[in-house]
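Next come the chains, spelled out residue by residue.
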Amino acid sequence: MTQEDGDLDSLVRKRIRALRVAQGWSLEELAGRANLSQSSLSRIENGRRRLALDQLVILARALDTTLDQLVETADDDVITSPMIDSAHGLMRWPVKGDPGMTVVRQRMTQPPPENPARMRAHPGREWLVVLSGTAVLMLGHRRFRVETHQAAEFPTMLPHAIGTAGGPCEILGIFDRDARRGHQREGGDLGTRDTGE
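Computed from a prediction, not measured in an experiment: that's the story for all the values here.

Caption draft 1: Structural view of the overall build of the protein chain. Each helix and strand in the protein chain was counted, giving six helices and nine strands. Out of the 197 residues in the protein chain, the part that is buried amounts to 38%. Intrachain contacts of the protein chain at a sequence separation of at least 6 include 63% that bridge at least 24 residues. Looking at the protein chain as shown, the accessible area adds up to about 11,600 Å², and 50% of this sits on carbon and sulfur atoms.

Caption draft 2: Quick peek at the pairing of strand β3 (residues 102-108). Counting buried residues along β3, five of its seven residues qualify, which places the element largely inside the surrounding structure. In this sheet, strand β9 (residues 169-175) lies alongside β3 in antiparallel orientation, the contact comprising seven bridges. Looking at β9, one finds that Arg-105 is bridged to Leu-172.

Caption draft 3: Quick peek at helix α4 (residues 53-62). The complete set of buried residues in α4 reads Gln-55, Leu-56, Leu-59, Ala-60 and Ala-62. All buried residues of α4 project into a common sector of 160° when viewed along the axis, lining one side. Summarising the geometry of α4, the exposed residues directed more than 90 degrees from the buried face are Leu-53, Asp-54 and Arg-61. Remark: Asp-64 follows α4 within two positions and exhibits a positive phi of approximately 60°.

Caption draft 4: Summary view of unusual backbone geometry. The phi dihedral of Asn-35 falls on the positive side, at around 60°, and the residue is not glycine. By the element assignment, Asn-35 lies in the loop between α2 (27-34) and α3 (38-46). Even without being glycine, Asp-64 reaches a positive phi, approximately 60°. Residue classification places Asp-64 among the exposed positions, given a relative accessible area of 70%.

Caption draft 5: Representation of the packing of α2 against α4 in the model. Their axes nearest at 9 Å, the elements α2 and α4 cross at an angle of 115°. Viewed along their axes, α2 and α4 adopt a mutual orientation that is roughly perpendicular. α2 and α4 meet at a crossing whose hand is right-handed. Two secondary-structure elements touch here, α2 through Leu-30, Arg-33 and Ala-34 and α4 through Ile-58, Leu-59 and Ala-62. Tallied by class, the residues present in the contact of α2 with α4 amount to five nonpolar, no polar and one charged.

How each quantity is defined
Residues numbered from 1 in each chain as written. Predicted model: local features only at pLDDT ≥ 70, side-chain atom pairs only at ≥ 80, totals over all residues. Heavy atoms only, no water. Helix = DSSP H or I, 4+ residues; strand = E, 2+ residues; numbered from the N terminus. Buried < 20%, exposed > 50% of the residue type's maximum accessible area, 1.4 Å probe, protein only. Contact = heavy atoms within 4.5 Å. Areas by Shrake-Rupley, 256 points an atom, 1.4 Å probe, with all protein chains shown as cover. Pairing = 2+ DSSP bridges. Arc of directions from axis to C-beta. Axes fitted to C-alpha atoms, helices over the stretch in contact; angles between N-to-C directions. Parallel < 35°, antiparallel > 145°, perpendicular 65-115°, else oblique. Left-handed = near helix turned anticlockwise from the far one by under 90°. Nonpolar A, V, L, I, M, F, W, Y, C, P; charged D, E, K, R; others polar.

Below, the structure written as structure tokens:
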């Protein structure tokens, strides 16, 4: 066994125990769910029993996770630097665990458009949190004030636009794959000066 194999083995054992504890389950409870004896599970967690693939599959299912998640490693860089789009005042971070997700930070200075025809609608979901100032979220004919530290989540099939209320604001938005594609098709980026997004 190489050191890398040993590190993964140790990580998986720690992960099994951590997931069990997070669920509030005793050794006996998880052993019952996984059809293992309590002593077998204890030896698996403590490294005194070999990890068998069939047992890992059963334990993953009992812990409500997947085998891939149970054995995944964090070999990739943990820290990610943003891509900066200074023309639109955007910072973007890709989400490594889900390449379809994008995180965007944007400073806005304009109110949302008054004309509903300038609102966007496309498949997907968006989530945003206001980092500073007050944002105005237009969803169809409804208008929401989103204050500093408040968050909003909405389906992007609703016509929508985001802007400011009474001064600059800064938001952090998360777009799923469909919402990101919708913004790219419509404006070439995730935000435009016209709509405040």
